[in-house]
Amino acid sequence: MAVWHGIVVAAALPLKDDLSVDYDKVQEHVAWLAANGCDGVSPNGSLGEYQVLTPQERADVVRAAVEAAPEGFSVIPGTGAYGAGESRRWAEQALEAGAQGVLSLPPSAYRADEEEVVAHYREISKVGLPVIAYNNPFDTNVDLTPELIARVAEFDNIVAVKEFSGDVRRAHQIRSLAPRIDVLAGADDVLLELVLVGAKGWIGGFSNAFPRECRKLYDLAVAGNLAEALPLYQQVHDAFAWDSRHTFIQAIKLAMDMAGRHGGPVRLPRLPLNAESEARARKDFERAFAALSAAA
């Protein structure tokens, strides 16, 4: 199986009460995810709060994850950055640390045009690791359309795209325009739809809290077992929808806390969920936990 296939968890960042990074918990979480049916982990992605890490913290998170990963469990760090030079350096750091691939946003915070996006991925592909392009137009102001993915796919090391647009039609369009590129489900609330039309993996957030149960749902979807997958998916969908809200980091960390894991605090500019949002999230998560536990 390719290192980007299956369930690769977009890892949340464990912070101590003083908001320093808890590297012991980084490693414990990686080992726990591997032991509970996941195929890999992606640190330093959007859920990993990469924007508020120092360069040293960011490098140390990757090294800690690689050290803790058992054989056959992939580590695919995010390389999100303002420009191609920095993104390429993070890809080089991932290679040096022993990672198996990288998850790469287009230029962040800058509305790059098509030629600039192509140049960006050209640089990252030169490092030699498998590159999963990450389409998150909500955070980056850049939409990796199927037509643009087809251009990026001309570089040998671009192997897949994490599709977070929410438009499931794109899976068909990408298959038509760039058939060698694997589509990966990038938002939890379109998991079933994308897997049923051929997605080769899932880079999601809710698996931080209930990996074994998410594995059950994913395997049902891959097998095309709609009789079991669809009712379960319907019961957890309200919870999975939090992965597509702007408070997704706080929400998923809350889900982890509720599941007995260490979700913990977030760094500014994020604040904890307000009381109304937390109450709604807890209700959604309790329902999802009950459904997933019953199905596992």
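Residues numbered from 1 in each chain as written. Predicted model: local features only at pLDDT ≥ 70, side-chain atom pairs only at ≥ 80, totals over all residues. Heavy atoms only, no water.

## Digging into the UniProt feature "active site" (unreviewed entry) in the protein chain
Then step 1. As annotated in UniProt, the feature "active site" (unreviewed entry) corresponds to Tyr134 and Lys162 in the numbering used here. Maximum C-alpha separation among the annotated residues is 4.7 Å over a sequence range of 29 residues, consistent with a single clustered spot. Within this annotated set, the second largest cavity is lined by Tyr134.
Then step 2. Within the secondary structure, Tyr134 is located in strand E5 (residues 131–135).
Then step 3. The exposure class of Tyr134 is buried, given its relative accessible area of 4%.
Then step 4. In contact with Tyr134, not counting residues within four places along its chain, are Ser46, Leu103, Ser104, Leu105, Pro106, Tyr121, Leu144, Lys162 and Phe164.
Then step 5. Look at Lys162 and you get buried, because its relative accessible area is 5%.
Then step 6. Apart from residues lying up to four places away in sequence, Lys162 is in contact with Ala10, Leu103, Ile132, Ala133, Tyr134, Asn135, Leu184, Gly186 and Ile203. (UniProt positions renumbered as here; feature names shortened; annotations may be inferred. 1 Å grid on protein atoms, 1.4 Å probe; cavity = no way out; pocket = protein on both sides within 12 Å on 5 of 7 lines; lining within 4 Å. Helix = DSSP H or I, 4+ residues; strand = E, 2+ residues; numbered from the N terminus. Buried < 20%, exposed > 50% of the residue type's maximum accessible area, 1.4 Å probe, protein only. Contact = heavy atoms within 4.5 Å.)

## Side note on the packing of aromatic side chains
Then step 1. Within the structure shown, the criterion is met by 10 aromatic pairs.
Then step 2. Pairwise contacts between aromatic rings join Trp202, Phe206, Phe210, Tyr218, Phe240, Trp242, Phe285 and Phe289 into one cluster.
Then step 3. The aromatic ring of Trp242 is capped on one face by Arg245, whose charged end is 4.3 Å from the ring centroid.
Then step 4. In this arrangement the basic side chain of Arg261 is found over the ring face of Trp32, its NZ or CZ atom lying 3.7 Å from the centre. (Phe/Tyr/Trp six-rings, centres within 6.5 Å; stacked < 30°, edge-to-face > 60°. Lys NZ or Arg CZ within 6 Å of the ring centre and 35° of its normal.)

## Observations regarding the nonpolar core
Where a protein is soluble and globular, its nonpolar side chains tend to be buried together.
Then step 1. Counting residues in each nonpolar core, the largest one holds 96 residues, and the members touching the most others are Tyr121, Ile132, Leu191, Phe206, Phe240 and Phe285.
Then step 2. Of all the elements, helix H11 (residues 248–258) adds the most residues to this core, at seven residues.
Then step 3. Not counting residues up to four positions away in its chain, the partners in contact with Phe206 are Asp188, Cys214, Ala239, Phe240, Ile252, Ala255, Phe285, Ala288, Phe289 and Leu292.
Then step 4. Counting seven residues, the second-largest nonpolar core is a separate cluster that includes Leu13, Leu15, Val26 and Leu53. (Core = buried A, V, L, I, M, F, W, Y, C linked by side-chain atoms within 4.5 Å.)

## As for the pairing of E5
Then step 1. Counting buried residues in E5 gives five out of five residues, a clear majority hidden from the surface.
Then step 2. Where strand E4 (residues 102–104) and E5 come together, three bridges link them in parallel fashion. Residue pairing in the sheet places Ser104 in a bridge with Ala133 of E5.
Then step 3. Handedness of the crossover is the feature at issue here: the chain leaves E4, passes through helix H4 (residues 114–125), returns alongside E5, and the resulting connection is right-handed. (Pairing = 2+ DSSP bridges. Right-handed = clockwise from strand over helix to strand, strands pointing away.)

## A short note on the packing of helix H9 (residues 211–222) against helix H10 (residues 226–240)
A pair of packed helices is captured by two measures, namely the crossing angle of their axes and the spacing between those axes.
Then step 1. Close contact between H9 and H10 brings their axes to 10 Å; oriented N to C, the two are set at 130°. As judged from the angle between their axes, H9 and H10 are oblique. The chirality of how H9 crosses H10 is left-handed. Residue-level inspection shows Cys214, Lys216, Leu217, Leu220 and Ala221 of H9 in contact with H10, the latter providing Glu228, Ala229, Leu232, Tyr233, Val236 and Phe240.
Then step 2. A breakdown of the residues in the contact of H9 with H10 according to their chemical character gives nine nonpolar, no polar and two charged. (Axes fitted to C-alpha atoms, helices over the stretch in contact; angles between N-to-C directions. Parallel < 35°, antiparallel > 145°, perpendicular 65-115°, else oblique. Left-handed = near helix turned anticlockwise from the far one by under 90°. Nonpolar A, V, L, I, M, F, W, Y, C, P; charged D, E, K, R; others polar.)

## Some thoughts on the pattern of salt bridges
Side chains that differ in sign of charge can pair as their charged atoms come close.
Then step 1. The tally for this structure, following the rule as stated, stands at 16 salt bridges.
Then step 2. We note a salt bridge from Glu92 to Arg88, for which the minimum N-O separation is 3.2 Å. Within this pair, Glu92 and its partner Arg88 are both found in helix H3 (residues 84–97), separated by four residues, close to a single helical turn.
Then step 3. The exposure class of Glu92 is partly exposed, given its relative accessible area of 30%.
Then step 4. Taking the shortest distance from any N to any O, the salt bridge between Arg88 and Glu123 comes out at 2.9 Å. Placement of the pair is Arg88 in helix H3 and Glu123 in helix H4, with a sequence separation of 35 residues.
Then step 5. On the basis of relative accessibility, which here comes to 25%, the residue Arg88 falls in the partly exposed class.
Then step 6. Via salt bridges that share partners, Arg88, Glu92, Glu123 and Lys126 belong to a single interconnected network. (Salt bridge = Lys/Arg side-chain N within 4 Å of Asp/Glu carboxyl O.)

## Describing the layout of surface pockets
Then step 1. Within this model, the largest pocket holds a volume of roughly 280 Å³.
Then step 2. Ser46, Asn136, Asp139, Phe164 and Phe248 are, among the 22 residues lining the largest pocket, the residues nearest its centre.
Then step 3. Contributions of two or more residues to the lining of the largest pocket are made by helix H5 (137–140) and strand E8 (201–204).
Then step 4. Considering only residue class, the lining of the largest pocket consists of eight nonpolar, nine polar and five charged.
Then step 5. Forming the boundary of the second largest pocket are 13 residues, of which Gln250, Gly264, Pro265, Pro272 and Leu273 lie nearest the centre. (Points joined across faces, edges and corners; volume = space filled by probe spheres on them.)

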